[in-house]
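So you can see what is in the structure, the chains are spelled out below.
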Amino acid sequence: MTSAAIYGCAGYRLSEDERAFFAEARPWGFVLFRRNIDTPEQVRALTDEMRAAIGDPEAPILIDQEGGRVQRMGPPHWPKYPPGDAYLKASNDPMEARELTRLGARLMAHDLKEVGINVDLVPVLDVPVSGAHDIVGDRAYGQDPATVAMLGRAAAEGLLAGGVLPCIKHMPGHGRAFADSHKDLPTVHADFDTLDGWDFAPFKALSDMPWAMTAHIVFTAVDRKRPATQSKKAVKMMRGHLGFAGLIMTDDLSMQALSGNLGERAHQSLKAGCDIVLHCNGDMAEMRAVAEASGKLKGKARTRAEAAMARIVRAPEPLDVTAAHARFFQAMSGKIDAAQGPDVGEAQA
């Protein structure tokens, strides 16, 4: 039976050890990073290998393809896309920015689908606050919840139209964190009403999305001790107050915000109510520890996983790729290289 886990791999193709491990552990899906990306032909061969290893031709294969600092597939084989905040900067008209955001995501979906990737870890729904760590920074679509929600939905719509599932992140909000959760555990002390009116608002507005990734952040107004990923109180709040009924996946278990060994991290996350755990770095010893602790994908979690995958359209919206590229990159001229802040590399974004 399929396990409640998603794993990465080390390189451009599966090793014999990886193939054997995946066949035994039977993860639900996989995630790709820059270390796994060379040419379109190579990526397609890798995604085919991954699915063959677990005997599931429809298995989810994930990637972070936001644009800007977080783009795993890029030149020379794929276009360089702009960061989230560039869409509003390219136009003084919010509705035009919405159209450009949707078009950019539709083009990304085309790129991904061609090489067998069917889940993009987009849109970022985090709303920055002044002084927060710039790990989010220009990845945010705007500086207020309404703009982030509007452009985030546009990105999700573009992906869905192209046959790729969106995943909203980082629920219930990373914009107020004053530390990078790849390296430290951020703690947010804002009161619940403040969080509800700012950080949580875009997630409530997109509560109909099929998939969400959690934030490794302690929100003291929700749970004073545990990060949202490992907090029953936080997951209950996401399900109830935010109204999110879709699949909830952890952010990368190997990030330093979480404590304990990898097995403990996986166990605590699933115990809190996450449906799926995510492990990204391809380290075999760590993956084995996660596999021992993650258990099977069953019950309500399996139902949510199946419902999420059922949102993938079989016939993508028609697209004249050449004309769409020309229109998009002309409109975004000068905004493609606008990315600022720390590079978000091989650690999960």
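Anyway, here's the lowdown on the structure attached to this text. (Residues numbered from 1 in each chain as written. Predicted model: local features only at pLDDT ≥ 70, side-chain atom pairs only at ≥ 80, totals over all residues. Heavy atoms only, no water.)

### Remarks on the overall build of the chain
- When helices and strands are counted, the chain shows twelve helices and 13 strands.
- On C-alpha atoms alone, the chain measures out to a radius of gyration of 19 Å, which is about the 20 Å that the 2.2 N^0.38 rule sets for 349 residues.
- Seen through its C-alpha atoms, the chain measures out along the principal axes to roughly 50 × 50 × 35 Å.
- Per-residue burial for the chain yields a buried fraction of 59% across its 349 residues.
- Look at the contacts in the chain between residues 6 or more apart in sequence, and 79% of them connect residues 24 or more apart.
- A total accessible area of about 13200 Å² is found for the chain, and carbon and sulfur atoms account for 51% of it.
- The distance from the centre of the 40 positive side-chain charges to the centre of the 45 negative ones in the chain is 6 Å. (Helix = DSSP H or I, 4+ residues; strand = E, 2+ residues; numbered from the N terminus. Rg over C-alpha atoms; globule rule 2.2 N^0.38 Å. Buried < 20%, exposed > 50% of the residue type's maximum accessible area, 1.4 Å probe, protein only. Contact = heavy atoms within 4.5 Å. Areas by Shrake-Rupley, 256 points an atom, 1.4 Å probe, with all protein chains shown as cover. Lys, Arg positive; Asp, Glu negative; His and termini not counted. Charge placed at Lys NZ, Arg CZ, Asp CG, Glu CD.)

### Focus: the layout of surface pockets
- Roughly 560 Å³ of internal volume is contained in the largest pocket.
- In terms of lining, the largest pocket is formed by 26 residues, of which the most central are Pro-57, Glu-58, Ala-59, Asn-118 and Met-309.
- A breakdown of the residues in the lining of the largest pocket according to their chemical character gives twelve nonpolar, four polar and ten charged. (1 Å grid on protein atoms, 1.4 Å probe; cavity = no way out; pocket = protein on both sides within 12 Å on 5 of 7 lines; lining within 4 Å. Points joined across faces, edges and corners; volume = space filled by probe spheres on them. Nonpolar A, V, L, I, M, F, W, Y, C, P; charged D, E, K, R; others polar.)

### A few points about empty space enclosed by the protein
- Under the counting rule described, the total for this entry stands at two cavities of 30 Å³ or more.
- Around the largest cavity, the lining comprises 15 residues; the ones closest to its centre are Glu-66, Met-108, Val-122, Tyr-141 and Ala-155.
- Mapped onto the lining of the largest cavity, the elements with two or more residues apiece are β4 (65-67), α4 (94-114) and α5 (145-161).
- Here the lining of the largest cavity gets four residues from one element, more than from any other, and that element is α4.
- Partitioning the lining of the largest cavity into residue classes produces eight nonpolar, four polar and three charged.

### Considerations on unusual backbone geometry
- The residue after Lys-169, namely His-170, is reached through a cis peptide bond having omega 0 degrees.
- By the secondary structure assignment, His-170 is in strand β8 (residues 168-171).
- In this model, Met-171 is joined to Pro-172 through a cis peptide bond whose omega is 10 degrees.
- A positive phi is found at Arg-26, a non-glycine position, where the angle reads about 50 degrees.

### So, the packing of α4 against α5
- Interaxial distance between α4 and α5 falls to 7 Å at its minimum, and their mutual angle equals 35 degrees. Both α4 and α5 take part in a crossing whose hand is right-handed. Across from Pro-94, Met-95, Ala-97, Arg-98, Thr-101, Arg-102, Ala-105, Arg-106 and Ala-109 in α4, the residues of α5 making contact are Met-150, Leu-151, Arg-153, Ala-154, Ala-155, Glu-157, Gly-158, Leu-159 and Ala-161.
- When the residues that make up the contact of α4 with α5 are grouped by side-chain class, the tally is eleven nonpolar, two polar and five charged. (Axes fitted to C-alpha atoms, helices over the stretch in contact; angles between N-to-C directions. Left-handed = near helix turned anticlockwise from the far one by under 90°.)

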